[in-house]
Number of protein chains: 2
Amino acid sequence: MEKPSMPRGRTRSEDSREAILAAAVSIIGADGYAALSIERIARESGTGKQTIYRWWPTKADVVMEALLHKAEMHIPVPDTGSVHDDVREFLAASWRLARMPQVADLLRALAAEAQLDPVFAGRFRDTFIEHRRAALTTILSRHSPPQSVPGIRVSTLVDVVFGVLWYRLLIMPTDFDDALADELANLITTGAN
Amino acid sequence: MEKPSMPRGRTRSEDSREAILAAAVSIIGADGYAALSIERIARESGTGKQTIYRWWPTKADVVMEALLHKAEMHIPVPDTGSVHDDVREFLAASWRLARMPQVADLLRALAAEAQLDPVFAGRFRDTFIEHRRAALTTILSRHSPPQSVPGIRVSTLVDVVFGVLWYRLLIMPTDFDDALADELANLITTGAN
């Protein structure tokens, strides 16, 4: 039976989840990823460690969900009728996030955790990486005949975009400039200009 | 004064360098990167730790030189007159190396060291990453008018190739299939087919 005092559409457990994610983001903002612990998240979110471990096996999983939430909030999957323009907007929004040092640091932290912990690596790929790929795949697959490059699998075009993104985060730190977003949007769509 | 007993074109120090690189490769092959130490390289190469440290500050630097040497030996920078065919050959050879589990593991180990050690990260970028970029840049810049994609900087096309390579090594493990090499060669050159 539902409690009448509950605000519509929200449950106590949704409130706790949000408090936990917000606390994780705030701890990292103040003291960096290394300072993050389940204990401190519990303390600062006013929840119990048990509650956190019920939903997330490790602190990296908490961060992954917070980042995925941020990406889904701030990176649109537009449908303007032009795949080129949709990709351009998707890339511009992705670049804006990647330019935020805090976001970039967390993406690097997740990649590092995935290198160290093969079990987390599986969750990282199946959740974060696949969700972000799916968003871009939706855009590139929307029209028929496709407005992406003929003769090249959509999955390869998705590799190109996220390949450049992660390469610049992990291997060859370079600005995420808007010219790069334009170039990639032109490269992977035929609706250019 | 040159010693007459020296073989032509070789010096004792070149022999030592090669013995050190070969020992590093053989130790990793037998027991993995984690088992590698300067001490063990010295023992198995018949050189002294001092000698190794004179040339390489860390074990990661030894591995980096061994890998760069391997890449330069096995990945050609062809000049057939067709940028498309040159890129295709460059990619096919790069993929062949990346498919070798030992090579892939070492590339991952270098990337992980670069995340942990910002000073090594600088040497990694300035040496390994820049050398590999320079090889592909040579191919893409050779002809005028360029046979690469108009309106897109060569550096972006280089990002695309190495982006996909590192993405598949570090983030989204997927086969380095020849179809992918073909697709990327088509995507970044206009001399396709």
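Residues numbered from 1 in each chain as written. Chains lettered and ligands numbered in written order. Predicted model: local features only at pLDDT ≥ 70, side-chain atom pairs only at ≥ 80, totals over all residues. Heavy atoms only, no water.

1. Some points on the interface of chain A and chain B
Each side of the interface is counted separately: chain A has 32 residues, and chain B has 32 residues. The contact between chain A and chain B buries some 2900 Å² in all, and 65% of this surface belongs to carbon and sulfur atoms. Summed over the shared surface of chain A and chain B, the result is six salt bridges. A salt bridge links Asp177(A) to Arg153(B); its shortest N-O distance comes to 3.2 Å. There are twelve residue pairs in polar contact (both at pLDDT 80 or more) connecting chain A and chain B. Listed by contribution, the elements that provide at least two residues to the side of chain A that touches chain B are helix H6 (101-116), helix H7 (118-141), helix H8 (154-170) and helix H9 (178-188) of chain A. No other element matches H8(A), which puts eleven residues into the side of chain A that touches chain B. Its residues placed into classes, the side of chain A that touches chain B shows 19 nonpolar, four polar and nine charged. (Contact = heavy atoms within 4.5 Å. Buried area = accessible area lost by both parts, 1.4 Å probe. Salt bridge = Lys/Arg side-chain N within 4 Å of Asp/Glu carboxyl O. Polar contact = N/O pair within 3.5 Å; in protein donor to acceptor, adjacent residues only side chain to side chain. Helix = DSSP H or I, 4+ residues; strand = E, 2+ residues; numbered from the N terminus. Nonpolar A, V, L, I, M, F, W, Y, C, P; charged D, E, K, R; others polar.)

2. Topic: the packing of helix H4 (residues 59-74) of chain B against helix H6 (residues 101-116) of chain B
All names here are of chain B. In contact at an axis separation of 10 Å, H4 and H6 are set at 135° when each is read in the N-to-C sense. Classified by the angle between their axes, H4 and H6 sit oblique to one another. At the point where H4 passes H6, the crossing takes the left-handed sense. Here Lys59, Ala60, Val63, Met64, Leu67 and Lys70 of H4 come into contact with H6, specifically with Val103, Leu106, Leu107, Leu110 and Glu113. In the contact of H4 with H6, the residues fall into eight nonpolar, no polar and three charged. (Axes fitted to C-alpha atoms, helices over the stretch in contact; angles between N-to-C directions. Parallel < 35°, antiparallel > 145°, perpendicular 65-115°, else oblique. Left-handed = near helix turned anticlockwise from the far one by under 90°.)

3. Brief notes about the confidence of the model for chain A
Across chain A, the average pLDDT comes to 91, with 93% of residues at or above 70. Both scores are given for the predicted complex: the pTM is 0.90, the ipTM 0.90. (pLDDT = per-residue confidence, 0-100.)

4. What about the environment of Trp166(B)?
Examined against the element boundaries, Trp166(B) turns out to sit in helix H8 (residues 154-170). Residue classification places Trp166(B) among the buried positions, given a relative accessible area of 4%. Between the alpha carbons of Trp166(B) and Gly122(B) there is a distance of 17 Å; along the sequence they are 44 residues apart. Beyond its immediate stretch of four places on either side in the chain, Trp166(B) contacts Tyr167(A), Ile171(A), Leu107(B), Ala111(B), Phe124(B), Phe128(B), Ile129(B) and Ile171(B). (Buried < 20%, exposed > 50% of the residue type's maximum accessible area, 1.4 Å probe, protein only.)

5. Considerations on the environment of Ala111(A)
Summarising the element assignment, Ala111(A) is placed in helix H6. Linking Ala111(A) and Arg99(A), residues twelve residues apart in sequence, is a C-alpha distance of 17 Å.

6. Regarding the side chain of Arg133(B)
Its location among the elements puts Arg133(B) in helix H7 (residues 118-141). Of the residues examined, Arg133(B) reaches a relative accessible area of 10% and is grouped as buried. Beyond its immediate stretch of four places on either side in the chain, Arg133(B) contacts Tyr167(A), Met172(A), Ser155(B), Val158(B), Asp159(B) and Phe162(B).

7. Let's talk about the packing of aromatic side chains
The tally for this structure, following the rule as stated, stands at twelve aromatic pairs over all chains. For the pair Phe120(B) and Phe124(B), a centre-to-centre distance of 5.9 Å together with 20° between the ring planes defines the contact as stacked. Here Phe120(B) pairs with Phe124(B), and both are found in helix H7, just four residues apart, close to one helical turn. As far as the burial class goes, Phe120(B) and Phe124(B) line up, both buried. These aromatic residues form a ring-pair network of at least three members: Phe120(A), Phe124(A), Phe128(A) and Trp166(A). The ring of Trp55(A) is capped by Arg54(A), whose NZ or CZ atom sits 5.3 Å from the centre of that ring. (Phe/Tyr/Trp six-rings, centres within 6.5 Å; stacked < 30°, edge-to-face > 60°. Lys NZ or Arg CZ within 6 Å of the ring centre and 35° of its normal.)

8. So, the domain arrangement of chain A
Residues and elements named next belong to chain A. Each domain of chain A was delimited in the assignment, giving domain 1 (10-55) and domain 2 (59-188). Between the C-alpha centres of domain 1 and domain 2 there is a distance of 26 Å. Each side of the interface is counted separately: domain 1 has 13 residues, and domain 2 has ten residues. Summed over both partners, the interface of domain 1 with domain 2 buries about 1000 Å², with 72% contributed by carbon and sulfur atoms. It is Leu21, Ile28 and Tyr33 in domain 1 that bury the most area against domain 2; as a group they hold 53% of the surface buried on that side. Linking domain 1 to domain 2 there are one salt bridge. (Domains from an automatic or database assignment.)

9. Describing the relation of the copies chain A and chain B
Note on the identical chains: chain A maps onto chain B by a rotation of 180° and an axial translation of 0.0 Å, with an RMSD of 0.0 Å. Taken together, these values place the two copies in the relation of a two-fold axis. Among all C-alpha atoms of chain A, that of Gly163(A) lies closest to the rotation axis, at 2.1 Å. (Least-squares fit on C-alpha atoms with pLDDT ≥ 70 in both.)

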